[in-house]
Amino acid sequence: MGCGNCGTGKPNGCQSNGSCNTGSCNRMNVHDWLWNLPMSDADSACKVVEVSFNQGSRKDYYRNASLQYFEKGDMVTVEGVNGFDVGEVSLTGELVRLQLKKKNISEFGVDMKKVLRLSNERDLELFEKNKAREKEALMKSRIIAKNLNLDMKLIEVEIQADGKKGTFFYTADDRVDFRELIKQYAGEFKLKIEMRQVGIRQGAAKVGGIGSCGRELCCSTWLTDFKSVTTTAARYQNLSINQTKLSGQCGRLKCCLNYELDTYLDALQYFPDNADVLETAKGTAILIKKDIFKNLMWYILQGGAKHYPLTIRRVKEIKQLNAKGVKVDDLQPVELVPAKEIEHGFVDVVGHLTIGNLEKTSQRNKEKQRQQRREGQPKQPQKEHRQGPPPQRNMPPQQKKQYQKPNKPRPPQQEKNRDQTNRNRPQNGNDKREG
(Lines give C-alpha, C1' and ligand atoms only; values in the text may rest on other atoms or scores of the structure.)
Protein backbone atom coordinates (compact mmCIF):
# COMPACT_ATOMS: atom_id res chain seq x y z
CA MET A 1 0.00 0.00 0.00
CA GLY A 2 1.19 3.48 -0.71
CA CYS A 3 0.45 6.34 1.65
CA GLY A 4 -0.98 9.47 0.06
CA ASN A 5 -0.22 11.93 2.87
CA CYS A 6 3.48 11.34 3.40
CA GLY A 7 5.52 14.29 4.61
CA THR A 8 8.72 13.40 2.81
CA GLY A 9 7.92 15.75 -0.08
CA LYS A 10 8.00 13.07 -2.76
CA PRO A 11 5.38 13.13 -5.53
CA ASN A 12 2.35 10.81 -5.44
CA GLY A 13 2.99 9.72 -1.89
CA CYS A 14 6.38 8.52 -0.73
CA GLN A 15 6.76 5.58 -3.17
CA SER A 16 9.72 4.41 -1.12
CA ASN A 17 8.63 0.76 -0.95
CA GLY A 18 8.16 0.59 2.77
CA SER A 19 10.92 2.83 4.10
CA CYS A 20 8.87 5.99 4.73
CA ASN A 21 8.40 7.55 8.14
CA THR A 22 4.74 6.57 8.43
CA GLY A 23 5.36 2.91 7.59
CA SER A 24 2.04 2.62 5.78
CA CYS A 25 3.75 1.39 2.61
CA ASN A 26 4.90 -1.74 4.44
CA ARG A 27 2.76 -4.86 4.71
CA MET A 28 1.83 -6.07 8.19
CA ASN A 29 2.81 -2.69 9.59
CA VAL A 30 2.53 -2.04 13.35
CA HIS A 31 2.22 1.50 14.70
CA ASP A 32 4.57 2.11 17.62
CA TRP A 33 2.45 4.34 19.86
CA LEU A 34 5.17 4.36 22.57
CA TRP A 35 8.00 5.76 20.45
CA ASN A 36 7.91 9.31 21.93
CA LEU A 37 7.51 8.31 25.60
CA PRO A 38 10.67 8.78 27.70
CA MET A 39 12.03 5.66 29.39
CA SER A 40 12.73 6.01 33.10
CA ASP A 41 15.20 3.12 33.21
CA ALA A 42 17.31 2.50 30.11
CA ASP A 43 18.75 -0.72 31.52
CA SER A 44 15.34 -2.40 31.68
CA ALA A 45 14.42 -1.40 28.12
CA CYS A 46 13.90 -4.14 25.55
CA LYS A 47 17.12 -4.87 23.66
CA VAL A 48 15.44 -6.79 20.85
CA VAL A 49 14.26 -5.25 17.58
CA GLU A 50 11.81 -6.57 15.03
CA VAL A 51 13.14 -6.71 11.47
CA SER A 52 10.93 -7.27 8.40
CA PHE A 53 12.00 -8.75 5.08
CA ASN A 54 10.38 -8.52 1.63
CA GLN A 55 8.26 -5.51 2.65
CA GLY A 56 6.72 -7.23 5.63
CA SER A 57 6.26 -10.66 4.06
CA ARG A 58 8.44 -12.17 6.79
CA LYS A 59 9.42 -10.83 10.21
CA ASP A 60 12.05 -11.97 12.67
CA TYR A 61 13.60 -10.77 15.94
CA TYR A 62 17.27 -9.88 16.51
CA ARG A 63 19.20 -8.86 19.58
CA ASN A 64 20.68 -5.35 19.66
CA ALA A 65 23.97 -6.39 21.29
CA SER A 66 25.76 -3.09 20.58
CA LEU A 67 22.89 -1.08 22.19
CA GLN A 68 22.79 1.15 19.12
CA TYR A 69 19.73 3.35 18.69
CA PHE A 70 17.57 2.26 15.75
CA GLU A 71 14.50 3.98 14.37
CA LYS A 72 11.64 2.49 12.49
CA GLY A 73 12.51 2.26 8.79
CA ASP A 74 16.29 1.93 9.24
CA MET A 75 17.98 -0.64 7.02
CA VAL A 76 20.14 -2.90 9.18
CA THR A 77 22.54 -5.75 8.49
CA VAL A 78 21.84 -8.84 10.58
CA GLU A 79 23.30 -12.30 10.98
CA GLY A 80 22.35 -14.82 8.31
CA VAL A 81 23.19 -18.37 7.34
CA ASN A 82 26.97 -18.39 6.76
CA GLY A 83 26.80 -14.69 5.97
CA PHE A 84 24.59 -11.65 6.50
CA ASP A 85 21.18 -10.42 5.50
CA VAL A 86 19.63 -6.96 5.16
CA GLY A 87 16.22 -6.03 6.54
CA GLU A 88 14.19 -3.08 7.72
CA VAL A 89 13.53 -2.22 11.36
CA SER A 90 9.75 -2.44 11.78
CA LEU A 91 9.36 -2.19 15.57
CA THR A 92 11.45 -1.19 18.58
CA GLY A 93 10.93 -0.63 22.29
CA GLU A 94 8.38 -2.13 24.65
CA LEU A 95 6.01 -3.26 21.91
CA VAL A 96 8.64 -5.77 20.81
CA ARG A 97 8.48 -7.33 24.26
CA LEU A 98 4.72 -7.73 23.86
CA GLN A 99 5.16 -9.36 20.47
CA LEU A 100 7.73 -11.78 21.89
CA LYS A 101 5.32 -12.74 24.68
CA LYS A 102 2.52 -13.20 22.15
CA LYS A 103 4.63 -15.52 19.98
CA ASN A 104 6.14 -17.31 22.98
CA ILE A 105 9.74 -16.32 22.20
CA SER A 106 12.25 -15.80 25.01
CA GLU A 107 13.79 -12.34 25.10
CA PHE A 108 17.05 -13.70 26.52
CA GLY A 109 17.28 -16.80 24.34
CA VAL A 110 20.74 -17.98 23.38
CA ASP A 111 19.79 -18.91 19.83
CA MET A 112 18.56 -15.41 18.92
CA LYS A 113 20.69 -13.83 16.18
CA LYS A 114 22.21 -10.34 16.46
CA VAL A 115 22.08 -7.05 14.61
CA LEU A 116 25.52 -6.39 13.18
CA ARG A 117 25.34 -2.73 12.07
CA LEU A 118 23.46 -0.17 10.09
CA SER A 119 23.60 -1.15 6.42
CA ASN A 120 26.34 0.60 4.44
CA GLU A 121 26.47 1.21 0.71
CA ARG A 122 28.20 -2.11 0.01
CA ASP A 123 25.51 -4.05 1.89
CA LEU A 124 22.69 -2.25 0.11
CA GLU A 125 24.34 -2.77 -3.28
CA LEU A 126 24.54 -6.54 -2.74
CA PHE A 127 21.00 -6.52 -1.36
CA GLU A 128 19.53 -4.85 -4.45
CA LYS A 129 21.55 -7.07 -6.79
CA ASN A 130 20.33 -10.33 -5.24
CA LYS A 131 16.75 -9.13 -4.81
CA ALA A 132 16.60 -8.56 -8.56
CA ARG A 133 17.23 -12.30 -9.06
CA GLU A 134 14.15 -13.44 -7.13
CA LYS A 135 11.54 -13.10 -9.90
CA GLU A 136 13.62 -15.01 -12.43
CA ALA A 137 14.45 -17.66 -9.82
CA LEU A 138 10.74 -18.11 -9.04
CA MET A 139 9.86 -18.73 -12.69
CA LYS A 140 12.71 -21.19 -13.24
CA SER A 141 11.94 -23.05 -10.00
CA ARG A 142 8.33 -23.54 -11.06
CA ILE A 143 9.42 -24.95 -14.40
CA ILE A 144 11.80 -27.41 -12.72
CA ALA A 145 9.12 -28.55 -10.26
CA LYS A 146 6.65 -29.05 -13.08
CA ASN A 147 9.14 -31.13 -15.09
CA LEU A 148 9.61 -33.40 -12.07
CA ASN A 149 5.81 -33.82 -11.75
CA LEU A 150 5.76 -32.69 -8.13
CA ASP A 151 2.37 -31.85 -6.62
CA MET A 152 3.33 -28.50 -5.07
CA LYS A 153 2.91 -24.80 -5.68
CA LEU A 154 5.83 -22.41 -5.26
CA ILE A 155 4.71 -19.12 -3.73
CA GLU A 156 7.79 -17.01 -3.16
CA VAL A 157 11.58 -17.12 -3.40
CA GLU A 158 13.67 -15.11 -0.93
CA ILE A 159 17.42 -14.81 -1.55
CA GLN A 160 19.71 -13.72 1.25
CA ALA A 161 21.35 -10.31 0.85
CA ASP A 162 24.86 -11.77 0.38
CA GLY A 163 23.57 -14.30 -2.20
CA LYS A 164 24.61 -17.44 -0.29
CA LYS A 165 21.19 -18.86 0.60
CA GLY A 166 17.76 -19.09 -1.02
CA THR A 167 14.49 -19.89 0.75
CA PHE A 168 11.69 -21.37 -1.38
CA PHE A 169 8.19 -21.06 0.09
CA TYR A 170 5.64 -23.56 -1.21
CA THR A 171 2.23 -25.05 -0.47
CA ALA A 172 1.31 -28.71 -0.87
CA ASP A 173 -1.48 -31.00 0.29
CA ASP A 174 0.66 -34.11 0.67
CA ARG A 175 4.25 -34.96 1.42
CA VAL A 176 6.71 -34.02 -1.36
CA ASP A 177 10.02 -35.75 -2.18
CA PHE A 178 12.64 -32.97 -2.54
CA ARG A 179 15.80 -35.03 -3.07
CA GLU A 180 16.06 -34.56 -6.83
CA LEU A 181 14.48 -31.08 -6.71
CA ILE A 182 17.07 -29.67 -4.30
CA LYS A 183 19.93 -31.03 -6.43
CA GLN A 184 18.63 -29.28 -9.52
CA TYR A 185 17.95 -26.05 -7.62
CA ALA A 186 21.47 -25.99 -6.16
CA GLY A 187 23.01 -26.61 -9.59
CA GLU A 188 20.86 -23.97 -11.28
CA PHE A 189 21.01 -21.12 -8.74
CA LYS A 190 24.36 -21.83 -6.98
CA LEU A 191 22.75 -21.30 -3.56
CA LYS A 192 22.19 -23.14 -0.35
CA ILE A 193 18.59 -24.30 -0.72
CA GLU A 194 15.97 -24.25 2.05
CA MET A 195 12.44 -25.51 1.33
CA ARG A 196 9.83 -24.07 3.69
CA GLN A 197 6.21 -25.19 3.57
CA VAL A 198 3.47 -22.69 4.44
CA GLY A 199 -0.28 -23.06 4.76
CA ILE A 200 -2.80 -22.15 2.09
CA ARG A 201 -3.80 -18.97 3.93
CA GLN A 202 -0.17 -17.93 4.48
CA GLY A 203 0.48 -18.51 0.79
CA ALA A 204 -2.40 -16.20 -0.16
CA ALA A 205 -1.02 -13.62 2.28
CA LYS A 206 2.36 -13.63 0.52
CA VAL A 207 0.80 -13.31 -2.93
CA GLY A 208 -1.70 -10.63 -1.89
CA GLY A 209 -4.70 -9.38 -3.83
CA ILE A 210 -8.11 -7.70 -3.62
CA GLY A 211 -11.01 -9.40 -1.86
CA SER A 212 -14.67 -9.46 -2.83
CA CYS A 213 -15.25 -6.50 -0.49
CA GLY A 214 -13.00 -4.32 -2.65
CA ARG A 215 -10.23 -3.98 -0.05
CA GLU A 216 -6.82 -5.61 0.16
CA LEU A 217 -6.76 -9.07 1.69
CA CYS A 218 -6.79 -9.04 5.49
CA CYS A 219 -4.14 -11.76 5.62
CA SER A 220 -1.69 -9.62 3.62
CA THR A 221 -2.28 -6.35 5.51
CA TRP A 222 -2.92 -6.94 9.21
CA LEU A 223 -4.16 -10.46 10.02
CA THR A 224 -1.51 -12.70 11.58
CA ASP A 225 -3.49 -15.31 13.53
CA PHE A 226 -5.42 -17.65 11.24
CA LYS A 227 -8.27 -19.22 13.17
CA SER A 228 -10.27 -22.12 11.82
CA VAL A 229 -13.44 -21.17 9.96
CA THR A 230 -16.30 -23.67 9.67
CA THR A 231 -19.67 -23.68 7.99
CA THR A 232 -21.27 -23.38 11.43
CA ALA A 233 -20.34 -19.70 11.43
CA ALA A 234 -22.27 -19.27 8.17
CA ARG A 235 -25.29 -21.10 9.58
CA TYR A 236 -25.44 -18.90 12.66
CA GLN A 237 -25.52 -15.86 10.37
CA ASN A 238 -28.27 -17.33 8.15
CA LEU A 239 -26.00 -17.41 5.11
CA SER A 240 -26.59 -19.79 2.26
CA ILE A 241 -23.98 -22.54 2.17
CA ASN A 242 -22.56 -21.62 -1.21
CA GLN A 243 -18.94 -22.66 -1.50
CA THR A 244 -18.25 -20.19 -4.30
CA LYS A 245 -19.48 -17.16 -2.36
CA LEU A 246 -18.07 -18.19 1.02
CA SER A 247 -14.55 -19.05 -0.22
CA GLY A 248 -11.71 -16.58 -0.45
CA GLN A 249 -8.81 -16.42 -2.87
CA CYS A 250 -7.00 -19.13 -0.94
CA GLY A 251 -9.84 -21.59 -1.65
CA ARG A 252 -10.77 -21.83 2.03
CA LEU A 253 -13.70 -20.24 3.89
CA LYS A 254 -13.29 -16.49 4.30
CA CYS A 255 -11.72 -15.33 7.54
CA CYS A 256 -14.26 -12.49 7.76
CA LEU A 257 -16.99 -15.03 8.59
CA ASN A 258 -15.62 -14.98 12.16
CA TYR A 259 -15.66 -11.19 12.51
CA GLU A 260 -19.40 -10.80 13.27
CA LEU A 261 -19.95 -14.26 14.72
CA ASP A 262 -19.79 -13.06 18.34
CA THR A 263 -22.45 -10.42 17.66
CA TYR A 264 -24.78 -13.04 16.23
CA LEU A 265 -24.17 -15.41 19.13
CA ASP A 266 -24.97 -12.66 21.66
CA ALA A 267 -28.20 -11.80 19.82
CA LEU A 268 -29.28 -15.44 19.55
CA GLN A 269 -29.24 -15.81 23.35
CA TYR A 270 -32.66 -14.11 23.52
CA PHE A 271 -34.21 -16.59 21.07
CA PRO A 272 -35.80 -19.78 22.46
CA ASP A 273 -33.72 -22.91 21.94
CA ASN A 274 -36.23 -25.73 21.40
CA ALA A 275 -38.51 -23.90 18.98
CA ASP A 276 -37.79 -25.68 15.72
CA VAL A 277 -41.31 -27.17 15.59
CA LEU A 278 -44.65 -25.67 16.69
CA GLU A 279 -47.93 -27.61 16.87
CA THR A 280 -51.00 -25.85 15.48
CA ALA A 281 -54.54 -26.86 14.57
CA LYS A 282 -53.64 -26.49 10.86
CA GLY A 283 -50.56 -28.65 11.12
CA THR A 284 -46.93 -28.57 12.19
CA ALA A 285 -45.01 -25.29 11.76
CA ILE A 286 -41.29 -25.68 11.01
CA LEU A 287 -38.67 -23.03 11.71
CA ILE A 288 -36.81 -21.92 8.57
CA LYS A 289 -34.75 -18.91 9.76
CA LYS A 290 -34.16 -16.39 12.55
CA ASP A 291 -33.91 -12.66 11.91
CA ILE A 292 -31.86 -11.16 14.73
CA PHE A 293 -32.18 -7.61 13.35
CA LYS A 294 -36.00 -7.60 13.61
CA ASN A 295 -36.24 -10.21 16.39
CA LEU A 296 -38.49 -12.41 14.29
CA MET A 297 -38.67 -16.16 13.71
CA TRP A 298 -39.96 -17.38 10.37
CA TYR A 299 -42.07 -20.53 10.17
CA ILE A 300 -43.72 -22.49 7.41
CA LEU A 301 -46.58 -24.97 7.73
CA GLN A 302 -45.76 -28.50 6.73
CA GLY A 303 -46.88 -29.01 3.14
CA GLY A 304 -47.45 -25.28 2.60
CA ALA A 305 -45.47 -22.49 0.98
CA LYS A 306 -46.50 -19.43 2.98
CA HIS A 307 -44.02 -17.93 5.45
CA TYR A 308 -45.19 -16.75 8.88
CA PRO A 309 -43.02 -14.24 10.80
CA LEU A 310 -43.58 -14.60 14.56
CA THR A 311 -42.22 -12.53 17.42
CA ILE A 312 -40.10 -14.14 20.13
CA ARG A 313 -42.82 -13.54 22.68
CA ARG A 314 -45.45 -15.27 20.54
CA VAL A 315 -43.19 -18.29 19.96
CA LYS A 316 -42.64 -18.69 23.70
CA GLU A 317 -46.41 -18.54 24.31
CA ILE A 318 -47.06 -21.24 21.70
CA LYS A 319 -44.31 -23.44 23.22
CA GLN A 320 -45.91 -23.14 26.65
CA LEU A 321 -49.32 -24.11 25.24
CA ASN A 322 -47.81 -27.03 23.32
CA ALA A 323 -46.18 -28.25 26.55
CA LYS A 324 -49.66 -28.44 28.08
CA GLY A 325 -50.96 -30.34 25.04
CA VAL A 326 -52.85 -27.40 23.53
CA LYS A 327 -52.64 -26.64 19.82
CA VAL A 328 -53.16 -23.04 18.83
CA ASP A 329 -55.67 -22.20 16.14
CA ASP A 330 -53.73 -19.28 14.68
CA LEU A 331 -50.03 -18.42 14.70
CA GLN A 332 -50.81 -14.67 14.72
CA PRO A 333 -47.96 -13.64 12.40
CA VAL A 334 -46.65 -10.11 12.27
CA GLU A 335 -47.86 -8.00 9.37
CA LEU A 336 -44.85 -6.66 7.58
CA VAL A 337 -45.52 -3.52 5.56
CA PRO A 338 -43.41 -3.70 2.41
CA ALA A 339 -41.55 -0.60 1.42
CA LYS A 340 -43.21 1.29 -1.38
CA GLU A 341 -41.25 1.05 -4.55
CA ILE A 342 -41.29 4.04 -6.84
CA GLU A 343 -41.97 3.00 -10.38
CA HIS A 344 -40.06 5.05 -12.87
CA GLY A 345 -41.91 5.16 -16.17
CA PHE A 346 -40.78 6.41 -19.53
CA VAL A 347 -41.27 10.13 -20.12
CA ASP A 348 -40.83 11.65 -23.57
CA VAL A 349 -39.26 15.09 -23.08
CA VAL A 350 -38.32 15.66 -26.70
CA GLY A 351 -39.29 19.21 -27.69
CA HIS A 352 -40.10 20.35 -24.15
CA LEU A 353 -36.90 22.33 -23.88
CA THR A 354 -35.84 24.57 -26.75
CA ILE A 355 -33.26 27.29 -27.17
CA GLY A 356 -36.03 29.89 -27.28
CA ASN A 357 -37.39 28.73 -23.92
CA LEU A 358 -33.93 28.84 -22.38
CA GLU A 359 -33.34 32.36 -23.73
CA LYS A 360 -36.68 33.53 -22.34
CA THR A 361 -35.85 32.02 -18.96
CA SER A 362 -32.45 33.72 -18.97
CA GLN A 363 -34.05 37.05 -19.93
CA ARG A 364 -36.57 36.75 -17.10
CA ASN A 365 -33.80 36.01 -14.62
CA LYS A 366 -31.87 39.09 -15.75
CA GLU A 367 -34.95 41.30 -15.43
CA LYS A 368 -35.56 39.89 -11.97
CA GLN A 369 -31.98 40.68 -10.92
CA ARG A 370 -32.31 44.24 -12.24
CA GLN A 371 -35.56 44.71 -10.34
CA GLN A 372 -33.91 43.50 -7.14
CA ARG A 373 -31.01 45.93 -7.61
CA ARG A 374 -33.44 48.81 -8.15
CA GLU A 375 -35.36 47.92 -5.01
CA GLY A 376 -32.15 47.72 -3.01
CA GLN A 377 -30.84 51.17 -4.18
CA PRO A 378 -32.33 54.49 -2.87
CA LYS A 379 -34.68 56.21 -5.29
CA GLN A 380 -33.16 59.21 -7.14
CA PRO A 381 -35.27 62.27 -8.04
CA GLN A 382 -36.53 62.13 -11.56
CA LYS A 383 -35.12 64.71 -13.96
CA GLU A 384 -37.47 66.92 -15.92
CA HIS A 385 -37.55 66.12 -19.59
CA ARG A 386 -36.64 69.18 -21.56
CA GLN A 387 -38.50 69.87 -24.69
CA GLY A 388 -36.48 68.93 -27.73
CA PRO A 389 -37.01 68.45 -31.36
CA PRO A 390 -39.56 65.89 -32.44
CA PRO A 391 -38.35 62.53 -33.68
CA GLN A 392 -36.96 62.68 -37.19
CA ARG A 393 -37.76 59.11 -38.19
CA ASN A 394 -40.60 59.80 -40.72
CA MET A 395 -39.83 63.45 -41.40
CA PRO A 396 -39.27 64.78 -44.99
CA PRO A 397 -35.69 65.79 -45.84
CA GLN A 398 -36.49 69.50 -46.16
CA GLN A 399 -37.97 69.56 -42.65
CA LYS A 400 -35.01 67.57 -41.17
CA LYS A 401 -32.60 70.38 -42.06
CA GLN A 402 -34.38 72.69 -39.60
CA TYR A 403 -33.47 70.42 -36.66
CA GLN A 404 -29.91 69.50 -37.68
CA LYS A 405 -27.19 70.84 -35.41
CA PRO A 406 -25.04 73.54 -36.98
CA ASN A 407 -21.40 72.73 -37.55
CA LYS A 408 -19.18 74.21 -34.84
CA PRO A 409 -16.13 76.17 -36.06
CA ARG A 410 -12.87 74.27 -35.69
CA PRO A 411 -9.99 75.72 -33.70
CA PRO A 412 -7.22 77.27 -35.85
CA GLN A 413 -4.69 74.61 -34.89
CA GLN A 414 -7.03 71.77 -36.07
CA GLU A 415 -7.65 73.61 -39.34
CA LYS A 416 -3.90 73.91 -39.90
CA ASN A 417 -3.35 70.21 -39.27
CA ARG A 418 -6.22 69.33 -41.56
CA ASP A 419 -4.77 71.42 -44.45
CA GLN A 420 -1.36 69.81 -43.98
CA THR A 421 -2.91 66.31 -44.09
CA ASN A 422 -4.84 67.07 -47.30
CA ARG A 423 -1.69 68.52 -48.92
CA ASN A 424 0.33 65.32 -48.27
CA ARG A 425 -2.46 63.00 -49.47
CA PRO A 426 -2.17 61.81 -53.17
CA GLN A 427 -4.79 63.19 -55.54
CA ASN A 428 -5.47 59.93 -57.40
CA GLY A 429 -5.51 56.37 -56.14
CA ASN A 430 -2.93 55.40 -58.82
CA ASP A 431 -0.34 57.99 -57.73
CA LYS A 432 2.70 56.57 -55.98
CA ARG A 433 5.01 58.42 -53.65
CA GLU A 434 8.66 58.45 -54.31
CA GLY A 435 10.73 57.93 -51.24
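Calculation notes
Residues numbered from 1 in each chain as written. Predicted model: local features only at pLDDT ≥ 70, side-chain atom pairs only at ≥ 80, totals over all residues. Heavy atoms only, no water. Buried < 20%, exposed > 50% of the residue type's maximum accessible area, 1.4 Å probe, protein only. Helix = DSSP H or I, 4+ residues; strand = E, 2+ residues; numbered from the N terminus. Arc of directions from axis to C-beta. Pairing = 2+ DSSP bridges. Axes fitted to C-alpha atoms, helices over the stretch in contact; angles between N-to-C directions. Contact = heavy atoms within 4.5 Å. Core = buried A, V, L, I, M, F, W, Y, C linked by side-chain atoms within 4.5 Å.

1. Focus: helix H4 (residues 179-189)
- Those residues of H4 lying buried are Leu181, Tyr185 and Phe189. An end-on view of H4 places all buried positions within 35° of arc, on one side of the element. Among the exposed residues of H4, those pointing more than 90 degrees away from its buried face are Arg179 and Lys183.
- Positive backbone phi, at 55°, marks Lys190, one or two positions downstream of H4.

2. Let's talk about the sheet that holds strand E6 (residues 153-159)
- Taking strand neighbours across the sheet as the criterion, the three strands line up as E6-E7-E8 in an open arrangement whose pairing is mixed. What marks the edges here is a single partner per strand, and that holds for E6 and strand E8 (192-197). Each neighbouring strand pair of the sheet contributes to a mean axis angle of 25°, computed without reference to strand direction.
- Strand contacts of H4: E6, strand E7 (165-171) and E8, with the helix running at about 130° to E8, the strand carrying the most contacts.

3. Focus: helix H5 (residues 200-207)
- Those residues of H5 not exposed but buried are Arg201, Gly203, Ala204, Ala205 and Lys206.
- Tucked inside the fold, the buried residues of H5 contact E6 and E7.

4. A word on unusual backbone geometry
- Phi angles above zero are rare outside glycine, and Asn82 is one such case at about 55°.
- Note on placement: Asn82 falls in the loop between strand E3 (75-79) and strand E4 (84-91).
- Its identity as a non-glycine residue notwithstanding, Asn104 has a phi of 60°, on the positive side.
- With respect to the helices, strands and loops of the structure, Asn104 is situated in the loop between helix H1 (94-102) and strand E5 (115-118).

5. Points about the nonpolar core
- Counting residues in hydrophobic clusters, the biggest one holds 19 residues, and the most contacted among them are Met152, Leu154, Phe168, Leu181, Tyr185 and Met195.
- Elements that contribute at least two residues to this core include exactly helix H3 (134-147), E6, E7, H4 and E8.
- For this core, the element with the most residues is H3, which contributes four residues.
- Residues contacting Leu154, with those up to four places away along its chain left out, are Leu138, Ser141, Arg142, Ala145, Phe168, Phe169, Tyr170, Tyr185 and Met195.
- If you look at the next biggest cluster of nonpolar residues, it comprises 18 residues, including Leu268, Tyr299, Ile312 and Val328.

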